[in-house]
Amino acid sequence: MFPEYREKITRLKAEDPHFAKLFHSHNDLDQEIKNMEAGITPASHDTIEALKKQKLQLKDDLYEILRKKNSCCGGCGG
């Protein structure tokens, strides 16, 4: 997820508890969905779709944080 932000993600996971929580929630949901799709964990199609929507919202939230942190690096004066 977001390979162009790899270094920033690593830094934010260490420095920003909110970002770290969102990031780990996204990863947990991703694994849960994979288990459901593989039949390891029983789930209905509707449940899987609802979890995918939650995961997408988390991804959007993470991207928004990354984008905002990227646009103001602290050294550009803006």
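Residues numbered from 1 in each chain as written. Predicted model: local features only at pLDDT ≥ 70, side-chain atom pairs only at ≥ 80, totals over all residues. Heavy atoms only, no water.

Undergrad: Could you give an account of the overall build of the protein chain, naming the residues involved and the relevant values?
TA: Secondary structure summary: the protein chain contains three helices and zero strands in total. The secondary structure elements of the protein chain, listed N-terminal to C-terminal, are α-α-α. Counting only contacts in the protein chain whose residues sit at least 6 apart along the sequence, the fraction spanning at least 24 positions is 62%. (Helix = DSSP H or I, 4+ residues; strand = E, 2+ residues; numbered from the N terminus. Contact = heavy atoms within 4.5 Å.)

Undergrad: How would you summarise the pattern of salt bridges if you had to cite specific residues and measurements?
TA: Under the counting rule described, the total for this entry stands at seven salt bridges. A salt bridge links Lys-34 to Asp-30, with the shortest nitrogen-to-oxygen separation between them at 3.3 Å. On the criterion of helical spacing, the pair formed by Lys-34 and Asp-30 is a turn pair, its members being four residues apart in helix H2 (residues 17-37). Owing to a relative accessible area of 44%, Lys-34 belongs among the partly exposed residues under this scheme. Looking at Asp-30, the relative accessible area reads 19%, which means it is buried. In this structure, Glu-49 engages Lys-52 in a salt bridge whose closest nitrogen and oxygen atoms are separated by 3.9 Å. Here the residue Glu-49 and the residue Lys-52 both occupy positions in helix H3 (residues 45-71), the gap between them amounting to three residues, near one helical turn. Within the structure, one salt-bridge network assembled from shared partners comprises Asp-30, Lys-34 and Lys-55. (Salt bridge = Lys/Arg side-chain N within 4 Å of Asp/Glu carboxyl O. Buried < 20%, exposed > 50% of the residue type's maximum accessible area, 1.4 Å probe, protein only.)

Undergrad: Explain the nonpolar core to me, and be specific about the residues and the numbers.
TA: Ranked by size, the top nonpolar core spans 16 residues in total, and within it Phe-2, Ile-9, Phe-19, Leu-62 and Leu-66 carry the most contacts. Elements with a contribution of two residues or more to this core: helix H1 (6-15), H2 and H3. Apart from residues lying up to four places away in sequence, Phe-19 is in contact with Ile-9, Leu-12, Lys-13, Leu-62, Ile-65 and Leu-66. (Core = buried A, V, L, I, M, F, W, Y, C linked by side-chain atoms within 4.5 Å.)

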